[in-house]
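Next come the chains, spelled out residue by residue.
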Amino acid sequence: MDSSHEGIQMLLTAEQEAQQMVTAARNLKTTRLRQAKEEAEKEAGLYRTNMECEHQKKVDETTGNSGFTAERLGEETEEKIQDLKKSASKVQSDIVGMLIKYVTAAKY
């Protein structure tokens, strides 16, 4: 009976040791998963921050360029208007003279 009792006791001890190993493995796995999750969240946060910075830079560049472009176009338009006014003033007297000549000329 001692032999059988001793065998049962050895099996119970082995079962307890196995249970402790399984528990330790589960705890280790849980810890590793938690660490992996934290690292992934950290990396995702860094990536998100970098992408937001890049996006903001592009928005700033685009907005800054459009303001500069609008200003440049305004200046160019004003220059063209002034050039057209100068050209018109040079030929204005000739055109007025031609119009008066054609309007007052009588055709029979």
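The structure contained in this document is the topic of the report that follows. (Residues numbered from 1 in each chain as written. Predicted model: local features only at pLDDT ≥ 70, side-chain atom pairs only at ≥ 80, totals over all residues. Heavy atoms only, no water.)

Among the surface-exposed residues, Glu71, Glu75, Glu78, Glu79 and Asp83 lie close enough to one another that they form a single negatively charged patch. Counting through the fold element by element, Asp83 comes out in helix H1 (residues 2-104). For Asp83, a relative accessible area of 45% gives the class partly exposed. (Patch = residues over 30% accessible without salt bridge, like charges linked within 9 Å, V, L, I, M, F, W, Y side chains within 5 Å. Areas by Shrake-Rupley, 256 points an atom, 1.4 Å probe, with all protein chains shown as cover. Salt bridge = Lys/Arg side-chain N within 4 Å of Asp/Glu carboxyl O. Lys, Arg positive; Asp, Glu negative; His and termini not counted. Charge placed at Lys NZ, Arg CZ, Asp CG, Glu CD. Helix = DSSP H or I, 4+ residues; strand = E, 2+ residues; numbered from the N terminus. Buried < 20%, exposed > 50% of the residue type's maximum accessible area, 1.4 Å probe, protein only.)

As a further point, take the pattern of salt bridges. What the rule picks out here adds up to one salt bridge. Ionic pairing is found between Arg72 and Glu76, a salt bridge with its closest N-O pair at 3.1 Å. In this pair, Arg72 and Glu76 are both assigned in helix H1, four residues apart and thus about one turn of the helix distant. For Arg72, a relative accessible area of 35% corresponds to the partly exposed category. Here Glu76 falls in the partly exposed class, since its relative accessible area comes to 33%.

Moving on to a nonpolar patch on the surface. Together, Val91, Ile95, Met98, Leu99 and Tyr102 give the surface a local cluster of nonpolar side chains, amounting to about 520 Å² of exposed area. Tracing the backbone shows Leu99 in helix H1. The exposed category is assigned to Leu99, whose relative accessible area is 53%.

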